[in-house]
Amino acid sequence: MAPAFFPGLPGLLGLTALASASVTRRILTDPSVSFDVLDYIDPLIGTSNGGHSFAGATLPFADTLGENQAGFAYDTQNVSGFSHMHDSGTGGSPSLGNFPIFVHPSCPSDDLDQCAWHQSARATVWSSPQARPGYFSISLDNGIFAEMTVTNHSALYRFTFENASSETYSPVVLVDLMDLPQSRTNGTASVDPSTGRLTGNGTFSPSFGIGTYDLHFCADIKGAQVRDTGVWQNNRAGLNQTFLSLTLNGGNSASTLSGGTFVRFNAPTANDTILVRVGVSFISVDQACANVENEQPNFDFSGTARTAESAWREKLSAISVDAEGTSTDLQKVFWSGIYRAMISPQDYTGENPLWQSDEPYYDSYYCIWDSYRGVHQLLTLADPLSQSLMIRSLIDIYRHEGYLPDCRMSLCKGYTQGGSNADVLLAEALLKNVSDIDWATAYEAVLKDAEVEPSNWNVEGRGGLTSWKTLNYIPTDDFDPYGVGLHTRSISRTVEYAYDDYCIAEMARVLGHESDSEKYSERAKNWQNMFKDDQSSAISGVDTGFTGFLQPRYPNGTWGYQDPIFCSPLLSFDSCYLNANGHETYEGSAWLYSFYVPQDMASLINRLGGRETFVSRLTYLHSSGLLYVGDEQAFLTVHQFHYAGRPGLSTKQVHAYIPSQFNTSVSGIPGNDDGGAMGAFAALSMMGLFPVHGQDVYLVNPPFFKEVSILNKVTGKTATIRNINFDPTYQSIYIQNATRDGQPWTRNWISHDFFTEGGVLELTLGTAESDWGTQEEDLPPSMSG
């Protein structure tokens, strides 16, 4: 594990790392802090069962063998090294994990040829991982206790040799020109025989996109005298060589042609411990060395860890809770969710070699298709300055690359999974008055998404725009000679494009472009053109009793068919991804996507037969096994009972998933964390104000605490949501009445001005649903009124 490159707090560049509980208390805890939020953050949540959460030390990782997308996974057995770049919560291929270092206490018989060099040979059984923001530790069966902490562009490791005896031992520190997905195409490594400094670089591929990126490193070691140095390749090592170059050609691959450099030391001079500091840079080796020298001049492990913890405390300080009566486990679910949502996107400002700009540059938008449904809404509340920097970065990417990204990592274009969902983020930022944004260029960017098809719409923009503009839907078997892209997901792309256009219409309305607002509002209705009113659905041959579902439609207007339960947990997920034989919905069924009309839920409810039928149908979605809450499209459906005047059922459904699906176990999230998306959903749901992405709407539910307060660090105002008659057994979870600043509040939703202006929203609770928030005028807004 170790730093995920600049993966730090939003607004900071940060690396990552993790200590035993006793060491954590001894080194990291600030005795002057009576309540320490870090005591309620467990980075190990979601490190098992495909959660792919990053457990390592971050600002503001050990690499295991197996399903290790974020480096460390709890349901693995062996550690093969400690690398310095990671993304958190990703699906698909492993991400980053570049230049792992590994430490042997000594080579058998003091013979270098008997040391294990290749990652599969050197992998060592691990035990007792301990994680805390800014710190990570793990014990290895080879007798090493490894600890990690980080700064913005560097990591600091402390390796203690626990089984050292009076007999001479000679530690070996090696670096491997490898990454987690083994994507390296070439690389070089050097070692300075006098100082033991290890440097190098490599060219790698992104884990979910196209292109390549170059990364550089610089490592220094303190605590022992250099004995000798050399290079290694595959399973052999040689002394007195200072440079290694690896270039793949012929039948070689990164896994079959691995190598790097090493330093062998005399026994450590103090406490059987050595320190290794590693700097990284996308610019150059010299920049990597400058980064680590500036940020880690004294190899001060304890001081660095304390500084990282202080950064996290400051970043989390915008949110406070009155946790009286709330279980420790639920507090950990809450704070750990916020923590994970603040790891990405990552601030690479000053480390972008692709273009020169005075604007911020953020990376690891991995992916906006996931993060636009919760992560950015949480950041807008807790860290509006960082959200502003991220929006500015998206716009600057448009300036230099021609389109807004829907996914981006490692300086590369990532794959688009649905619509052009940066449009949603920009619209929401405008509606919520996020500051310091060039709205003219932002509007130009979203219009290009809507009107100009890119040559490769797999990685930016939208495909099928000619059909979208003429047929008013994305057809199955679309004819599209204007760009290259994967011709699948016609249903899910249609509903996402419609919502993207609604968000553009909202931007146009606010910015005074009246004709555009009318145009895109009309296109926002296109979801109806794939809605087949008489389509029924059965499960195991038994009719569900519900009709009306989104269905495929061909260019000539005739209907196709996809079983409405296909791509649900009840009927195959295998071909519902970004694969050439994919189907018409993406990572979800037509059952699920038929609820995705956040711009006009009133029309959808009417089309489905009215409020009562809608409530019955939405309840069935959640109770029948059709819904997988581990995919982000499920999030809004948990709260959509509000639109039918049954806000209490939204609250009830939240409690059905928390803590059953979101808890403190290492498998305590239901799917990939997806850059903190799962954490954001849990935290926002537990706050009691769930945001509707792309809109100035928060759906009101009772918090899981007596009280939650959010400080807006731009305006200095504090918004408080307070439960009256709070019941920590969660029997009384239904709002009976509400007041805002002492005045009656009957709407079951509230807008962002509550957070910018501050105030108190008091919710009186009871054991049964009431008529609060049920009247037509109390429902969230819809296009059709």
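Not measured: the values here are computed from a predicted model. (Residues numbered from 1 in each chain as written. Predicted model: local features only at pLDDT ≥ 70, side-chain atom pairs only at ≥ 80, totals over all residues. Heavy atoms only, no water.)

Colleague: Residue-level account of the state of the cysteines, with values.
Modeller: Per the counting criterion, the structure on display carries four disulfides. For Cys218, the disulfide goes to Cys289, at an S-S distance of 2.2 Å. Note on the Cys218 and Cys289 pair: the S-S dihedral is about 100°, so by sign convention the disulfide is right-handed. One end of the pair, Cys218, is in strand S11 (residues 213–222); the other, Cys289, is in helix H3 (residues 285–295), and 71 residues separate them in sequence. In this structure, Cys218 and Cys289 share a single accessibility class: buried. The disulfide bridge from Cys567 ends at Cys576, spanning 1.8 Å between sulfur atoms. (Disulfide = S-S within 2.5 Å. Helix = DSSP H or I, 4+ residues; strand = E, 2+ residues; numbered from the N terminus. Buried < 20%, exposed > 50% of the residue type's maximum accessible area, 1.4 Å probe, protein only.)

Colleague: Give me the environment of Tyr365: which residues, what numbers.
Modeller: Position of Tyr365 among the secondary structure elements: in the loop between strand S19 (362–363) and helix H6 (368–371). Placed 380 residues apart in sequence, Tyr365 and Trp745 show a C-alpha to C-alpha distance of 37 Å. Here Tyr365 is in contact with Pro345, His376, Met390, Ser393, Leu394, Ile397, Cys407 and Arg408, once residues within four sequence places are set aside. Within polar-contact distance, the side chain of Tyr365 engages the backbone oxygen of Met390 at 2.9 Å. (Contact = heavy atoms within 4.5 Å. Polar contact = N/O pair within 3.5 Å; in protein donor to acceptor, adjacent residues only side chain to side chain.)

Colleague: Summarise the packing of helix H8 (residues 384–401) against helix H9 (residues 422–431); cite the residues concerned and give the values.
Modeller: At a minimum axis distance of 11 Å, the contact between H8 and H9 shows a crossing angle of 135°. By the angle class used here, H8 and H9 are oblique. Along this stretch, H8 crosses H9, giving a crossing that reads as left-handed. Between H8, through Ile391, Leu394 and Ile395, and H9, the contact on the second element is made entirely by Leu425, Leu426 and Ala429. Across the contact of H8 with H9, the residue classes break down as six nonpolar, no polar and no charged. (Axes fitted to C-alpha atoms, helices over the stretch in contact; angles between N-to-C directions. Parallel < 35°, antiparallel > 145°, perpendicular 65-115°, else oblique. Left-handed = near helix turned anticlockwise from the far one by under 90°. Nonpolar A, V, L, I, M, F, W, Y, C, P; charged D, E, K, R; others polar.)

Colleague: Describe helix H16 (residues 611–623), listing the residues and the values that go with them.
Modeller: An ideal rise of 1.5 Å per residue puts 18 Å on 13 residues; H16 measures up with 18 Å between its terminal C-alpha atoms. Looking only at H16, the buried set comprises Phe614, Val615, Arg617, Leu618, Leu621 and His622. Down the axis of H16, the smallest arc covering the buried residues is 165°, so these residues share one side. Away from the buried face of H16 by more than 90 degrees, exposed residues Glu612 and Ser623 are located. On its buried side, H16 packs onto strand S23 (542–550), helix H14 (590–593), helix H15 (601–607), helix H17 (635–639) and helix H18 (647–657). Two residues or fewer past H16, Gly625 is found with a positive phi of approximately 90°. (Expected span 1.5 Å × (residues − 1). Arc of directions from axis to C-beta.)

Colleague: Summarise H18; cite the residues concerned and give the values.
Modeller: Since there are 3.6 residues in each turn of an α-helix, residues three or four apart along the chain are aligned in direction. Of all 11 residues in H18, nine are buried, a share of seventy percent or more. Among all positions in H18, only Pro647, Gly648, Leu649, Ser650, Thr651, Gln653, Val654, His655 and Tyr657 are buried. In this structure, the buried residues of H18 make contact with H16, H17, helix H19 (677–687) and strand S28 (734–740).

Colleague: Could you give me a rundown of the pairing of S11, with the residues and numbers involved?
Modeller: Burial of S11 is extensive: eight of the 10 residues sit out of reach of the surface. As judged from the seven bridges shared by strand S10 (residues 198–204) and S11, these two strands associate in the antiparallel manner. Bridging across to S11, Asn201 finds its partner in His216. (Pairing = 2+ DSSP bridges.)

Colleague: Please set out the packing of aromatic side chains residue by residue, giving values where relevant.
Modeller: This model, assessed by the stated rule, comprises 37 aromatic pairs. For the ring pair Phe282 and Tyr348, a centre distance of 5.1 Å and an interplane angle of 25° mean the geometry is stacked. Placement of the pair is Phe282 in the loop between strand S16 (273–281) and H3 and Tyr348 in the loop between strand S18 (346–347) and S19, with a sequence separation of 66 residues. In this pair, the class of Phe282 matches that of Tyr348, namely buried. Taken together, a centroid distance of 4.6 Å and an interplanar angle of 50° make the contact between Trp312 and Tyr339 tilted. Here Tyr339 lies in helix H5 (residues 328–341) and Trp312 lies in helix H4 (residues 301–316), a separation of 27 residues in the sequence. Like Tyr339, Trp312 is buried. Among the aromatic residues, ring-to-ring pairing joins Phe99, Phe204, Tyr213, Phe217, Phe282, Tyr348, Trp355 and Tyr361 into one connected group. The ring of Trp559 carries the charged tip of Arg553 above its face, separated from the ring centre by 4.8 Å. (Phe/Tyr/Trp six-rings, centres within 6.5 Å; stacked < 30°, edge-to-face > 60°. Lys NZ or Arg CZ within 6 Å of the ring centre and 35° of its normal.)

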